[in-house]
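# Reading the structure
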Amino acid sequence: MSPGPHAVLAEGLEKRYGEKRALDGFDLTVARGTVHGLLGPNGAGKTTVVRILSTLVRLDGGRAEVAGIDVAGRPREVRRRIGLTGQYAAVDEITTARQNLVMFGRLFHLGKKAAECRAAELLEQFALTDAADKGVKEFSGGMRRRLDLATSMILAPQVLFLDEPTTGLDPRGRNEVWEAVRSLVAGGTTVLLTTQYLDEADKLADRIAVIERGRTIADDTPAALKQQIGGDRIEVVVQEAADLPAALRVVARVTGAEPDSDPEARRVAAPVTDRVAALTEVVRTLQDEKIPVEDIGLRRPTLDEVFLRITGRRAEDGTGDAGPAERTREAGRAA
Ligand SMILES: Nc1ncnc2c1ncn2[C@@H]1O[C@H](COP(=O)(O)OP(=O)(O)O)[C@@H](O)[C@H]1O
Ligand SMILES: [Mg+2]
């Protein structure tokens, strides 16, 4: 049973639900000890990938290995090596955090002492020691999600699947979960993390695979993905909406590129190669033409722009986030 060089290997995965092709030739390679982001809009196939890799659903085509073991051929061996945290917390609300962890430990056939020991370790690791003996119903969203993470770490899995671990959390909860994920990775666990949040993938992942319509459309480091759309951009916000066309002409002339304009934000933006020269020239020309400027600057492209460029449309039809209705549907499917 050779462990193989990769924590996850997926080749040409196919999954159909009736007529619907949820996965349509999905490829992915995750190196051991890394965090790989799987980034895509709602319905792209992220949960389906996680379900196949964690042996919860059967694949219709292609090949998948986790920890060097064939998922279709030896699912029980795969299950012994993985942890899974779904989109919604599975913890019991009535009991305390500690009781939850001990109970799951016993479910996983740990003895009483071993289960208690493991619970204490995990409470410490996920910064829940102070809240250990409080009822879970008093927990914030971030604390619950951390308890959920702790639960999936009881058997110290080699590979952990996190399916949208921060969807629905407030910024503080998201930060807490990010910290928890970082501590897991520091301990050597390989993580495959699905997300609709570009900043989340950017912050946590060593590499990011972009999935759309069941297919991998990009797979690279966050920095390389950003480079795909060129270097820095210059952005000009004019004071008067009426000046927007004039500003657009100036920026086009100086950069030699075709600027994007956002009339609502009174903003014009374009890629630049020679940063400082372009900025200086744009500032001077705008002054010469007496166009009042509210803001002007250079900035690096965001992953949002990368995603837009790669997919040709904005994640989530312009909002980049799932609405409550979307989340509820997800919850139903993920359950
Ligand atoms: N159990 C199912 N039955 C029918 N269609 C499904 C089922 N699960 C997922 N799908 C469909 O497959 C596609 C991919 O879904 P999913 O993997 O949940 O995407 P994501 O997690 O990226 O939002 C979607 O179009 C979804 O509607
Ligand atoms: Mg999903």
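Residues numbered from 1 in each chain as written. Chains lettered and ligands numbered in written order. Predicted model: local features only at pLDDT ≥ 70, side-chain atom pairs only at ≥ 80, totals over all residues.

Put simply, the rule is: UniProt positions are given in the numbering used here, feature names are shortened, and annotations may be inferred rather than shown by experiment.
Named according to an unreviewed UniProt entry, the protein is ABC-type xenobiotic transporter originating from Streptomyces xinghaiensis. Under Subcellular location (unreviewed entry), UniProt gives the following word-for-word description of the protein: "Cell membrane".

## Remarks on the sheet that holds strand β12 (residues 260–262)
Sheet strands line up and pair through hydrogen bonds in the backbone, either parallel or antiparallel. Basically, it comes down to this: In this description, strands pair whenever DSSP reports at least two bridges between them. Per the convention used, a helix needs a DSSP run of H or I reaching at least four residues, while a strand needs a run of E reaching at least two, with both numbered from the N terminus. Fitted lines through C-alpha atoms serve as axes, helices being fitted only where they are in contact, and the angles separating the N-to-C directions of these axes extend from 0 to 180 degrees.
The strand order across the open sheet formed by 4 strands is β12-β13-β11-β14, and the pairing between neighbours is antiparallel. The sheet is open, and its two edges are formed by β12 and β14 (293–299), each paired on a single side. Each neighbouring strand pair of the sheet contributes to a mean axis angle of 15 degrees, computed without reference to strand direction. Pairing geometry for strand β11 (residues 233–238) and β14, over 6 bridges, is antiparallel.

## Re helix α5 (residues 141–152)
Test applied: The length a helix should cover is 1.5 Å for every residue beyond the first. Exposed residues have 12 or fewer other C-beta atoms within 10 Å of their own C-beta, buried residues have 20 or more, and residues in between are partly exposed; the C-beta atoms are placed from the backbone. For every residue pair, C-beta atoms are placed from the backbone, and the pair is scored as a contact if these atoms sit within 7 Å.
Over its 12 residues, α5 extends 17 Å from the first C-alpha to the last, a length consistent with the 16 Å expected when each residue adds 1.5 Å. Where α5 is concerned, the buried positions are Gly142, Met143, Arg144, Arg145, Arg146, Leu147, Asp148, Leu149, Ala150, Thr151 and Ser152. Where α5 is buried, its residues touch β6 (82–85), α3 (97–107), α4 (112–125), β7 (159–163) and α6 (171–186).

## A closer look at the environment of Leu101
Inspection of the secondary structure puts Leu101 in helix α3. Each residue touching Leu101, except ones within four places of it in the same chain, is listed here: Ala119, Leu122, Leu123, Ala150, Thr151 and Ile154.

## Looking at the packing of α3 against α4
In plain terms, the rule: Here the word oblique covers every angle except those under 35 degrees (roughly parallel), over 145 (roughly antiparallel) and from 65 to 115 (roughly perpendicular). Crossing handedness is read from the near helix: turned anticlockwise from the far helix by less than a right angle, it gives a left-handed crossing, and turned clockwise, a right-handed one.
Packing of α3 against α4 leaves a shortest axis separation of 8 Å and a crossing angle of 130 degrees. Relative to α4, the element α3 lies oblique. Note on packing geometry: the crossing formed by α3 with α4 is right-handed. Counting all contacts with α3, which are made through Ala97, Arg98, Leu101, Val102, Gly105 and Arg106, the residues of α4 involved are Ala114, Ala115, Glu116, Arg118, Ala119, Leu122 and Leu123.

## Some details on the site of ligand 1
The following threshold applies: Defining nearness, a residue is near a molecule or strand when the C-beta atom obtained from its backbone falls within 6 Å of it. Note on residue classes: Ala, Val, Leu, Ile, Met, Phe, Trp, Tyr, Cys and Pro are nonpolar, Asp, Glu, Lys and Arg are charged, and everything else, Gly too, is polar.
Among the 12 residues in the neighbourhood of ligand 1, the closest are listed as Tyr17, Ala22, Lys46, Thr47 and Thr48. Secondary-structure elements contributing two or more residues to the shell around ligand 1 are β2 (20–31) and α1 (46–53). At 3 residues, α1 tops the list of elements feeding residues into the shell around ligand 1. Of the residues belonging to the shell around ligand 1, the class tally is 3 nonpolar, 6 polar and 3 charged.

## Here's the deal with the pairing of strand β13 (residues 267–271)
As judged from the 5 bridges shared by β11 and β13, these two strands associate in the antiparallel manner. By the bridge assignment for β13, Val237 is matched with Arg267. Pairing analysis gives 3 bridges linking β12 to β13, with the strands arranged antiparallel. Residue pairing in the sheet places Ser261 in a bridge with Val268 of β13. Remark: 4 residues form the turn of the hairpin made by β12 and β13, two consecutive strands paired antiparallel; Arg266 in that turn has positive phi of roughly 55 degrees.

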